[in-house]
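Reading the structure
Here's the letter readout for the chains.
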Amino acid sequence: MDVYIKKTRWKLFLLLLGSIIAIISIVYSNYIAERLADEERKKVELWAEAMKRLTASNPGGQDIDFIFKVIENNETIPVIVVDEKGKVIFFRNVDSTIVNDKPRLNKELKEMAENHEPIEIQVTEEIKQYVLFKDSILLQQLRIFPFVQLFLIIVFIGL
């Protein structure tokens, strides 16, 4: 009977250890994901400011090369710039088939607006544009990772 008690204790210990690892992993991954999301928001705000300066009516005295570099360096965050009527003006890191397909575009814009507050670009006193964006693929994968890890821990403990 003593052997069964030891086996039960060992299984409970593994279950507890696996649960602790899973909880720590989920909490830490969420912390990292939130920090990365904040950094992505800052990058998009900088990108929006570069777009604003590029579209300014008098860009004289500005370092145009630097502005283009900021705009081009966004290689991961999907961004769509729309006017006040929702017409796409510019996009980056978004599949062009989405932009050309009105229903998919509307769905994408709605999803972007729901997940992140659009960033307003005041081009002139009369003209406003809005930068909509969503999480990069890296951030999406980072948010899923703890659950994959949890699944693997459960499978390991099950074996």
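Up top is the structure these notes are about.
Figured I'd write up the structure that's included with this text.

Rules and cut-offs
- Residues numbered from 1 in each chain as written.
- Predicted model: local features only at pLDDT ≥ 70, side-chain atom pairs only at ≥ 80, totals over all residues.
- Heavy atoms only, no water.
- Helix = DSSP H or I, 4+ residues; strand = E, 2+ residues; numbered from the N terminus.
- Buried < 20%, exposed > 50% of the residue type's maximum accessible area, 1.4 Å probe, protein only.
- Contact = heavy atoms within 4.5 Å.
- Lys, Arg positive; Asp, Glu negative; His and termini not counted.
- Salt bridge = Lys/Arg side-chain N within 4 Å of Asp/Glu carboxyl O.
- Polar contact = N/O pair within 3.5 Å; in protein donor to acceptor, adjacent residues only side chain to side chain.

With that settled, consider the environment of Ser29. Positionally, Ser29 belongs in helix 1 (residues 2–55). We classify Ser29 as buried; its relative accessible area is 6%. Those residues within four positions of Ser29 in sequence are excluded, and the remaining contacts are Leu142, Phe145 and Pro146.

A few words on the side chain of Asp135. Checked against the element boundaries, Asp135 lands in the loop between strand 4 (128–133) and helix 5 (137–158). Buried charge without a partner: Asp135 forms no salt bridge, and the closest opposite charge is Arg143, 4.1 Å away. Side-chain polar atoms of Asp135 contact the side chain of His116, separated by 2.8 Å.

At Asn93, a residue that is not glycine, the phi angle is positive and equals roughly 60°. Locating Asn93 in the fold gives a position in the loop between strand 2 (88–92) and helix 3 (96–100). The exposure class of Asn93 is partly exposed, given its relative accessible area of 31%.

If you walk through the whole model with that rule in mind, you get six salt bridges. One salt bridge in this structure joins Arg143 and Glu34, with 3.7 Å as the shortest N-O distance. Within this pair, whereas Arg143 is found in helix 5, its partner Glu34 is found in helix 1, the two being separated by 109 residues in sequence. Put simply, Arg41 and Glu45 hold a salt bridge, and the shortest N to O gap is 3.2 Å. With Arg41 and Glu45 both in helix 1, this residue pair falls four residues apart, about one helical turn.

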